[in-house]
Amino acid sequence: MKTIHFKTFGCQMNVYDSERMQSLLETQGFKVEPELARADVVIINTCSIRDKAEHKVLSLLGQLKPLKDRYPNRVIGVAGCVGQRIGRTLLQKVPHLDLVLGPDQIDEIGSLVEHALKQGKRTVSAKLDDSGRTYSQPAVIHRAKVSEFLTIMKGCDHFCTYCIVPFVRGREKSRSIAEIVDDVRRLALQGTKEITFLGQNINTYGKGTDENLAMLIEQTHALDGIERIRYVTSHPRDLGQDLIDQFGSLPKLMPALHLPFQSGSNNILKKMSRLYTREQYLEKIAALRKACPDIALSTDVIVGFPGETEAEFQETLDVLTQVGFSCAYLFKYSPRPGTRAFALGDEVPESIKEDRLKRAQDIAFGYMENENKAMLGKRYPVLVQDLDRKGWRYSGRTPSNKLIHIENAGEATMGKIIEVEMTEATVASLRGYYVGAPRTQRPKPIAIPRTDLGSFGAITPQERVPVPL
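Along every chain, residues carry numbers that run from 1 in the direction the sequence is written. Totals for whole chains, interfaces and linings use every residue, but because this is a predicted model, local features are given only for residues with pLDDT of at least 70 and side-chain atom pairs only at 80 or more, for both listing and counting. To obtain the side-chain values, all non-hydrogen atoms of the structure were included, while hydrogens and water were left out.

Enquirer: I'm lost on the pairing of strand 18 (residues 417–425) in this one. Help?
Expert: Within a regular beta strand, the side chains point alternately toward one face of the sheet and then the other, so they alternate between its two faces. When DSSP finds two or more bridges between a pair of strands, those strands are recorded as paired. Elements are defined by DSSP. Helices are runs of H or I of four residues or more, strands are runs of E of two residues or more, and each kind is numbered from the N terminus. Pairing analysis gives 5 bridges linking strand 15 (residues 379–387) to strand 18, with the strands arranged antiparallel. Directly across from arginine 379, in strand 18, lies its bridge partner glutamate 421. As paired elements, strand 18 and strand 19 (residues 430–434) share 5 bridges and run antiparallel to each other. Each bridged residue has a counterpart across the sheet, and for alanine 425 the counterpart in strand 19 is leucine 430. With antiparallel pairing between neighbouring strands as the criterion, strand 18 and strand 19 make up a hairpin whose turn holds 4 residues.

Pasting the structure below:
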């Protein structure tokens with residue numbers, strides 16, 4: 001029996017793609033190997049949304065060369081956005097790389113891996129699907145988790161000037177509501193309680209058809225077994241009033257939304273081709289809070305976009321202060337070859353980018369910490385999802401998507417919504433006690449030594465970031 005190991009970089013959609021590829025290979029008889037160094041096949045599923053993410057992939061490939069030299073029959077593959085963007089170049093530059101495939105080839109993973117194992121030929125398969133507005137991809141998950149991601153569309157039509165997504169994921173295509181609802185129903189029968197729908201620009205789900213996201217949410221809401229619904233990532237321009245109103249009318253739709261604003265400056269937003277203004281963004285925030293006063297908002301921000309002045313950056317800080325986000329992902333502008341912004345040059349010095357990033361973090365993280373500390377002593381319904389990365393405490397999420405580590409929860413709470421009292425809070429984490437059990441901490445697990453390259457395990461839930469937009 002051949003073994004496989006996946007290492008995943010990037011967003012939830014990449015996590016979902018890795019799980020799909022893993023399930024497809026398991027169907028063919030492959031067995032998952034937790035330790036990278038022991039696997040017959042290593043697949044690195046990649047992200048190219050930022051330069052740093054791409055460099056991580058190249059660095060890992062370099063570290064794998066001694067492993068390949070020692071065991072030449074092992075197969076090393078790169079999947080995902082880096083494979084789509086520089087697939088043939090990557091195969092030329094990395095002689096110990098056997099296989100490269102793009103996002104639209106993930107369902108071909110079985111035949112591609114078998115070909116690499118049996119024929120020993122190096123292969124690139126990275127062609128975008130450019131036919132029509134719809135596609136079919138029924139879920140193939142064999143062991144459903146309490147909380148599952150489910151991709152319902154792919155691609156993006158907006159072409160923001162800084163973004164590589166349309167070039168590596170293609171134009172917008174959607175799966176049918178009937179197929180998605182069938183997937184959700186099967187997951188619910190396997191014990192899934194929470195579903196998170198994924199799409200690069202999810203508000204335009206159904207574009208070119210007679211279906212839309214609001215219809216999908218309503219039909220999913222009617223399913224037995226599913227207790228919580230979420231979706232990412234939203235674009236401010238495409239977030240319609242029908243979707244906003246659902247936050248106040250559908251109990252299963254969790255009061256949490258990721259809504260990137262990227263910059264508080266209208267001039268920079270125009271250069272980014274974001275297709276909305278600062279004022280329109282804030283109007284959407286006001287409408288969301290009117291429909292659902294307790295809604296938790298998260299966002300993405302880019303600092304140091306080419307030509308950004310200090311005054312324009314101050315406008316970004318002002319939006320961070322005005323809105324008070326429950327979570328904010330802050331990044332320095334990363335020039336990506338092939339995008340329109342790349343031709344503008346990198347006009348903002350790195351030292352100024354660093355300074356602006358820190359100042360934005362001070363505001364955003366300060367609000368996040370204060371919000372977390374305001375939860376101390378209060379009780380919240382938490383859906384218990386899994387053990388934490390140390391295998392010590394069970395953890396879960398509140399309706400507002402706050403991750404909680406529960407000191408005294410046991411295996412019997414898995415998949416259940418329990419009442420948890422918050423007892424410890426920082427900007428990065430929350431801890432609490434299940435009120436239905438004695439306040440005794442779970443014993444720490446015994447540490448097990450890892451083998452060579454064992455640190456390159458599967459991505460943990462805490463490392464996942466929203467689908468970039």
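Text resumes after the structure shown.
Enquirer: Any chance you could explain the packing of aromatic side chains here in plain terms?
Expert: Here the distance between the centres and the angle between the planes together describe a pair of aromatic rings. When two rings of Phe, Tyr or Trp (its six-membered ring) have centres within 6.5 Å they constitute a pair, described as stacked for plane angles under 30 degrees, edge-to-face for angles over 60, and tilted for the intermediate range. Summed over the entire model, instances satisfying the criterion amount to 6 aromatic pairs. Residues phenylalanine 261 and phenylalanine 325 carry aromatic rings whose centres are separated by 5.7 Å and whose planes lie at 10° to one another, so their mutual orientation is stacked. Pair noted here: phenylalanine 261 is in the loop between strand 12 (256–258) and helix 10 (266–272) and phenylalanine 325 is in the loop between helix 12 (310–323) and strand 14 (327–332), with a separation of 64 residues, a long-range link. Taken individually, phenylalanine 261 and phenylalanine 325 each receive the classification buried, so the pair is uniform in this respect. Ring centres of tyrosine 276 and tyrosine 281 lie 6.3 Å apart, and the angle between their planes is 35°; on these two criteria the pair is classed as tilted. Think of it in three bands: with a 1.4 Å probe and only protein chains considered, a residue is buried below 20% of the maximum accessible area for its type, exposed above 50%, and partly exposed in between.

Enquirer: Help me out: how do you make sense of the packing of helix 8 (residues 213–221) against helix 9 (residues 241–249) in this one?
Expert: In this analysis, axes come from line fits to C-alpha atoms, helices being fitted only over the stretch in contact, and the angle between any two N-to-C directions falls in the range 0 to 180 degrees. Relative orientation of the contacting elements helix 8 and helix 9 amounts to 25°, with a least axis distance of 9 Å. In terms of axis orientation, helix 8 runs roughly parallel to helix 9. On the side of helix 8, the interface is formed by Leu213, Ala214, Ile217 and Glu218, while helix 9 contributes Asp242, Leu243 and Gln246. In this classification, Asp, Glu, Lys and Arg are treated as charged, Ala, Val, Leu, Ile, Met, Phe, Trp, Tyr, Cys and Pro as nonpolar, and every other residue, Gly included, as polar. When grouped by side-chain class, the residues that make up the contact of helix 8 with helix 9 number 4 nonpolar, 1 polar and 2 charged. When an angle is under 35 degrees it counts as roughly parallel; over 145 it counts as roughly antiparallel; between 65 and 115 it counts as roughly perpendicular; any other value is oblique. Any two residues whose heavy atoms approach within 4.5 Å at even a single point are treated as in contact.

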